Every structure is written in structure tokens, then in C-alpha cells.
There are 2 protein chains.
Amino acid sequence: MSSNIKPTDSELEILNILWEKGPSTVRDIHAELEKSKDAGYTTTLKLMQIMHDKGLLKRDTGNKSHVYTANVSQEKTQGQLLKRMIDNVYNGSASQLVMQALGNHKADKKELDEIRKYLDEISKPKS
Amino acid sequence: MSSNIKPTDSELEILNILWEKGPSTVRDIHAELEKSKDAGYTTTLKLMQIMHDKGLLKRDTGNKSHVYTANVSQEKTQGQLLKRMIDNVYNGSASQLVMQALGNHKADKKELDEIRKYLDEISKPKS
DNA sequence: ATCTATCTACGAATGATTTCGTAAACAAAC
DNA sequence: GTTTGTTTACGAAATCATTCGTAGATAGAT
């Protein structure tokens, strides 16, 4: 596999911002990060440079301020982390994870209905 | 919070074995671990000593071979890790995690029915 | 052209995890 | 009691993530 994604927690914070906001400079990301934690600017810069080295980000160096973009999709990353979680924490049982997620986080009625609908859909033999 | 559990991957492997097998010596754990990876005996020992220092394990030093037991429950640990995952990876949306888990890991019919039953149960106003 | 702001690059310190070698304690067998 | 094998304890190396200081490049304003 060329793609075995395992971002750290800090890297995930940055990816989340990039997924939501789209292409951003270090300054942009740092401004967002500062809302919830405090870190030095060069810390954020270094993190993003490392992520670029790892292939998690790509960047456009055309301007003075480089513009970074996520180089991994949100869905694929979520999927990989989820699979790791199911394997390592739930011993391979996705349904057990699902039930614990439903139980602990009291989704509201609308969400539950949505899930039910989704269940029906994937149960249908024909699309 | 006295309990903010964040075991590393290696620590989780050991916890999984202890949860399944119950109280075990370092030798026991190491024998299990060797089935899937190779690590030195003293590596396993050191890991378990650190886990004991952290409060993840408790131990009985009565005999020559100390007997270790998990000092955190499987459910609580799963719950904490799951919550962290929902917050950090799914931006707080449990239902989105659920749907991706259902979609990617094609649970079989029996599992799906089980989940549906569970859904109905937690939807009921009265227990 | 010079000054000022900002940005990148680099290197190093810190801290945590993982690994393992070595020594000392211990028990069982001889 | 001495040897042999197993166990614990300790310390240190190797790796990785995180943090930040400093230097040099760059663009814009005066």
C-alpha cells in the first residue's frame, strides 16, 4: 500500500481545518489553531512542513506565502482511522463499535431516523 | 477527572490480552504477543511496568512471577477512545461515524438486525 | 535604497514511546 | 551449596512528535 495514513492528533487538527476551509497559508491555519490552543507560529509552520514531507499536504510555492492543501481525502482518512480503531479497540467488531457509539452519545431523534434509513438502504439486496 | 485514559497502541495490545485472558504474568502476555509480533521479553516487561506506574495495570507481587491485572475496564477505555475519535476525526458527529462504520464494514444481516433492535430500544421513551 | 513586516528554512531542545542489554534477586535441581 | 534458568529492576539508546529560537529571504512602504 502506498497509502497508510496515520496522522498524529496535531496533524489531524490541521487536516480538519484544511478540509473545511480549503487551501490555506500557514498564517490562516495558525489563526484557526489559536482559537482553541496556543502555539507559536513557527511551530505550526514546522508541523505543516513535516506533513508536506510525509505527503499529507501538497503546496503551491508560487507566492511568498506558500499555499497548502490536504493531499489525503477526509473520507479515506476517516476510514483508515476507523478501521484501525475497530481492529485495535473493538477486536474487529464494527457492530460493537456502532452500538457503543449509539449508546453513549444519545444522538437525537433525527439522527437516529437517518441511521435507520441508512440501515434499510444497505440491507436492500437491490439498489 | 481522575481518569483520562490514553493508552498507546502497544499498551492497548496488552490490555486486550488481559481483558480476554484475565490476570496474567509477563511471560503469559509475552507468549501471546509473540504470536503476532516479535518483541524481546524485557521489552514486554518494561511496558507492563510502565503501565503499572501509570495506573493502567495493578499487580500482585506475592509470588516470584508478578501477576498483572487490567486496572481500567474495557468498556470505559473503549468509550474514552471512541469519544476522542468522534471529536477529533468526525467533528463531534457520532452518527456520521456510525454510518461510515456501517458502510465500510458490511456487517452481516444478523449484526444489522441486532443494531436495528438496539436502535428501537434506545428510541423508546420508556425503558 | 532602506526600513519594516512577514515568511521560510534550519537546527536544536524537550518529552514520550519503544526497545533492549546487563545486573541482581530468586527458586528449583543437582 | 553450587549451578542453571527465570524473573525483576534499572538505565540507556533509538525513534518520533512537538516546540521554538534564530537566521536569512522576500515583498511592500517610505
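In this text, all values refer to a predicted model and were calculated from it rather than measured experimentally.

Chemist: A description of the domain arrangement of chain A should follow, citing residues and the corresponding values.
Modeler: Taken as a whole, chain A is organised into domain 1 (9-70) and domain 2 (74-123). Taking only C-alpha atoms, the centre of domain 1 of chain A and the centre of domain 2 of chain A are 29 Å apart.

Chemist: Requested: an account of the packing of helix 6 (residues 109-123) of chain A against helix 6 (residues 109-123) of chain B, with residues and values cited.
Modeler: Relative to each other, helix 6 of chain A and helix 6 of chain B sit at 160°, their axes nearing to 11 Å. By the angle between their axes, helix 6 of chain A is roughly antiparallel relative to helix 6 of chain B. Crossing of helix 6 of chain A over helix 6 of chain B shows left-handed handedness. Between helix 6 of chain A and helix 6 of chain B, the residues in contact are A:L112, A:I115, A:R116, A:L119, A:D120, A:I122 and A:S123 and B:L112, B:I115, B:R116, B:L119, B:D120, B:I122 and B:S123, respectively. Grouping the amino acids of the contact of helix 6 of chain A with helix 6 of chain B by side-chain chemistry returns 8 nonpolar, 2 polar and 4 charged.

Chemist: Describe unusual backbone geometry, naming the residues involved and giving the relevant values.
Modeler: All names here are of chain A. Phi at N91 is positive, roughly 45°, even though this residue is not glycine. Looking at where N91 falls in the secondary structure, it is placed in the loop between helix 4 (74-89) and helix 5 (94-104). Residue classification places N91 among the exposed residues on the basis of a relative accessible area of 52%.

Chemist: I'd like to hear about the interface of chain A and chain B, residue by residue, with values.
Modeler: Counting residues at the interface gives 39 residues for chain A, matched by 39 residues for chain B. Here chain A meets chain B over a buried area of about 3,700 Å², counting both sides, of which 64% is carbon and sulfur. The largest contributions to the chain A side of the interface with chain B come from A:Q78, A:M99 and A:L119, which together make up 15% of the buried area. Counting across the chain A and chain B interface gives 14 residue pairs in polar contact (both at pLDDT 80 or more).

The rules we used
Residues numbered from 1 in each chain as written. Chains lettered and ligands numbered in written order. Predicted model: local features only at pLDDT ≥ 70, side-chain atom pairs only at ≥ 80, totals over all residues. Heavy atoms only, no water. Domains from an automatic or database assignment. Axes fitted to C-alpha atoms, helices over the stretch in contact; angles between N-to-C directions. Helix = DSSP H or I, 4+ residues; strand = E, 2+ residues; numbered from the N terminus. Parallel < 35°, antiparallel > 145°, perpendicular 65-115°, else oblique. Left-handed = near helix turned anticlockwise from the far one by under 90°. Contact = heavy atoms within 4.5 Å. Nonpolar A, V, L, I, M, F, W, Y, C, P; charged D, E, K, R; others polar. Buried < 20%, exposed > 50% of the residue type's maximum accessible area, 1.4 Å probe, protein only. Buried area = accessible area lost by both parts, 1.4 Å probe. Polar contact = N/O pair within 3.5 Å; in protein donor to acceptor, adjacent residues only side chain to side chain.

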